[in-house]
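Chain by chain, the residues run as shown.
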Amino acid sequence: MDLLVATHNPGKMREFRALLASLPAQILFPPDLGLMVEVVEDGATYVENARIKAEAYVRAIGGRDGIAPLVLADDSGLEVDALGGAPGIHSARYTSGSDTDRLSALLARLEEVPWERRTARFRCVVVIVTPRGDLHIAEGSCEGVIATEPAGEGGFGYDPLFYLPEFGCTMAELPVRAKNQISHRARAVRAALPLLRRLLAAGG
Ligand code: ITT
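These notes cover the structure that comes with them. (Residues numbered from 1 in each chain as written. Predicted model: local features only at pLDDT ≥ 70, side-chain atom pairs only at ≥ 80, totals over all residues. Heavy atoms only, no water.)

## Topic: the packing of aromatic side chains
Okay, so step 1: Inspection of the entire model under this criterion finds two aromatic pairs.
Okay, so step 2: Taken together, a centroid distance of 4.3 Å and an interplanar angle of 35° make the contact between F122 and F162 tilted. Of the two residues, F122 sits in strand β4 (residues 119-129) while F162 sits in strand β6 (residues 162-164), which places them 40 residues apart along the sequence.
Okay, so step 3: A relative accessible area of 6% places F122 in the buried class. (Phe/Tyr/Trp six-rings, centres within 6.5 Å; stacked < 30°, edge-to-face > 60°. Helix = DSSP H or I, 4+ residues; strand = E, 2+ residues; numbered from the N terminus. Buried < 20%, exposed > 50% of the residue type's maximum accessible area, 1.4 Å probe, protein only.)

Set out below in structure tokens:
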């Protein structure tokens, strides 16, 4: 049985490829199936948005002969305490433009905020939908502090501003393998792995 990871974010794709590598399944992404699904993420929570994405892909695959993979979608975001939890579920659309523009916008909004009040966390919700339409949820989070300037070239999104006190560097400065041990996504996937193994063994 195959596992389709319903994301178009290249950073997420790279990480899921590594995080799911131990599963006895072929890991597919939308381009592998020629799928380009427009999803309107208008849910009020990470769970709702991840479900909207996963179910959109289940529907898109529905009509295709002989293809019935498990579908996994991720909705994730950065919650900054001094901003009341923003950008949260709006992280991808916090400002228009690139990841770099979003880093600048976040820094501008935290300009006057001292180090001890710059606490934040990444959250990730993974929703898995079986070909029968059963739904499963797993979550992970990772605590950090919003740095005063970006550092590092690794990862994606807000990683250059996400400082990890216990490592003394930002998420973007961590080696890939370390991010894939401690990240919100790594934790959500680890929580989901036993279930994924069971579903794959049972054919969904
Ligand atoms: P898909 O919906 O196609 O999966 P997306 O980028 O739109 O891709 P989300 O709606 O889940 O994904 O938005 C999450 C945003 O939060 C993402 O664009 C990043 O800006 C940020 N983000 C999520 N995980 C991150 C990580 O591991 N490191 C840095 N930023 C992250």
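## Points about the nonpolar core
Okay, so step 1: L3, F16, L20, L72, I128 and L196 are the most contacted members of the largest nonpolar core, which has 25 residues in total.
Okay, so step 2: Taken together, the elements giving at least two residues each to this core come down to β1 (2-5), α1 (10-19), β3 (70-80), β4 and α5 (184-201).
Okay, so step 3: Here the element with the most residues in this core is α5; it accounts for nine residues.
Okay, so step 4: Contacts of L196, omitting those with residues within four sequence positions, involve L3, L20, L23, L70, L72 and I128.
Okay, so step 5: Grouped together as the second largest cluster of nonpolar side chains are 23 residues, L78, V80, Y158 and L164 included. (Core = buried A, V, L, I, M, F, W, Y, C linked by side-chain atoms within 4.5 Å. Contact = heavy atoms within 4.5 Å.)

## Some remarks on the layout of surface pockets
Okay, so step 1: Within this model, the largest pocket holds a volume of roughly 760 Å³.
Okay, so step 2: N9, K12, E41, K53 and A92 are, among the 34 residues lining the largest pocket, the residues nearest its centre.
Okay, so step 3: If you list the elements that add at least two residues to the lining of the largest pocket, you get α1, α2 (46-62), β3, α3 (99-109) and α5.
Okay, so step 4: Considering every element that reaches the lining of the largest pocket, the biggest residue donor is β3, with five residues.
Okay, so step 5: For the lining of the largest pocket, the per-class residue count stands at twelve nonpolar, nine polar and 13 charged.
Okay, so step 6: Quantified by volume, the second largest pocket comes out at close to 150 Å³.
Okay, so step 7: Together, R14, E15, G154, G155, M171, A172, L174, P175, V176, K179 and N180 line the second largest pocket.
Okay, so step 8: A total of three residues in the lining of the second largest pocket trace back to one element, the largest contributor, which is helix α4 (residues 176-182).
Okay, so step 9: Grouping the constituent residues of the lining of the second largest pocket by class yields five nonpolar, three polar and three charged. (1 Å grid on protein atoms, 1.4 Å probe; cavity = no way out; pocket = protein on both sides within 12 Å on 5 of 7 lines; lining within 4 Å. Points joined across faces, edges and corners; volume = space filled by probe spheres on them. Nonpolar A, V, L, I, M, F, W, Y, C, P; charged D, E, K, R; others polar.)

Everything listed here is a matter of geometry and, on its own, says nothing about what the molecule does.
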